[in-house]
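# Analysis of the macromolecular model
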Amino acid sequence: MTDYVVRTKMDKSGDEEKVRYYGVPVTSGQVGVKELARDICSRCSLNAADVHAAVVALGDVMRNYLLKGNTVYLEDIGLFSISASSEGFDTPDECTPSKMKAQRVCFKADKGMRSILRKVKFQRSNRAVTKINKQIKKYEDNTIP
């Protein structure tokens, strides 16, 4: 089960502002290279140190390929790429390399990875109830004369 909490946001799209409630997933922890290496080595003939070294090297190699303008596709995982943009210009000649800004490293999950989305089940977490109540009180304090 994946935990979620309910968060408030102000909906300003209509004539009047309105509080809306949205479910937002919360992580239950973070898994690092050591945990991944331990789990992977239990499924193959590599030892944990070899898997750890391979994962670290994979990160280095991926960075190098992305810096060269390549995309990196990892089978059954997904595609990594760099997104970039610039401000708008009146002529194409004004759009020079120095005006380009790398925005982020993008990830598009492979079909096999996306297939887990159908299997995700959610349960409401109790840890955000206090925060929601504080947000509602703050909103009511600001709107009630």
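You'll find the structure just up there.
Note that this is a predicted model, so its numbers are computed, not measured.

## Observations regarding the overall build of the protein
For the protein, the count of helices and strands is four helices and six strands. With 145 residues in all, the protein has 14% of them scored as buried. Once local pairs closer than 6 in sequence are excluded, the contacts in the protein between residues at least 24 apart make up 38%. In the form shown here, the protein has an accessible surface area of approximately 12,000 Å², with 52% of it arising from carbon and sulfur atoms.

## Things to note about helix α2 (residues 48-67)
In this model α2 runs 29 Å from its N-terminal to its C-terminal C-alpha over 20 residues, within 8% of the 28 Å that 1.5 Å per residue would give. Within α2 the residues assigned to the buried category are V51, M62 and L66. One side of α2 holds all its buried residues, which, seen down the axis, span an arc of 35°. Residues of α2 that are exposed and angled more than 90 degrees away from the buried face: A49 and L67. Elements in contact with the buried residues of α2: α1 (33-41), β3 (72-74), β4 (78-85) and β5 (101-109). For α2, the N-terminal capping position is held by N47, with its side-chain oxygen 3.0 Å away from the main-chain nitrogen of A49. Among the residues trailing α2, G69 stands out with phi positive, at a value near 95°.

## A closer look at the packing of α1 against α2
Axis separation between α1 and α2 bottoms out at 8 Å; the angle between their running directions is 125°. Taken together, α1 and α2 sit at an angle that is classed as oblique. Of the two elements, α1 crosses α2, and the hand of that crossing is right-handed. Between α1, through V33, K34, A37, I40 and C41, and α2, the contact on the second element is made entirely by A48, V51, H52 and V55. Its residues assigned to classes, the contact of α1 with α2 shows seven nonpolar, one polar and one charged.

## With respect to the sheet that holds strand β2 (residues 18-25)
Strand order in this open sheet of three strands is β2-β1-β6, and the pairing throughout is mixed. The open sheet has two edge strands, β2 and β6 (122-124), and neither has a second partner. This sheet shows a mean twist of 45° between the axes of neighbouring strands, independent of strand direction. Alignment of strand β1 (residues 2-11) against β6, held across three bridges, turns out to be parallel. By the bridge assignment for β6, Y4 is matched with R124.

Thresholds, definitions, all that
Residues numbered from 1 in each chain as written. Predicted model: local features only at pLDDT ≥ 70, side-chain atom pairs only at ≥ 80, totals over all residues. Heavy atoms only, no water. Helix = DSSP H or I, 4+ residues; strand = E, 2+ residues; numbered from the N terminus. Buried < 20%, exposed > 50% of the residue type's maximum accessible area, 1.4 Å probe, protein only. Contact = heavy atoms within 4.5 Å. Areas by Shrake-Rupley, 256 points an atom, 1.4 Å probe, with all protein chains shown as cover. Expected span 1.5 Å × (residues − 1). Arc of directions from axis to C-beta. Polar contact = N/O pair within 3.5 Å; in protein donor to acceptor, adjacent residues only side chain to side chain. Axes fitted to C-alpha atoms, helices over the stretch in contact; angles between N-to-C directions. Parallel < 35°, antiparallel > 145°, perpendicular 65-115°, else oblique. Left-handed = near helix turned anticlockwise from the far one by under 90°. Nonpolar A, V, L, I, M, F, W, Y, C, P; charged D, E, K, R; others polar. Pairing = 2+ DSSP bridges.

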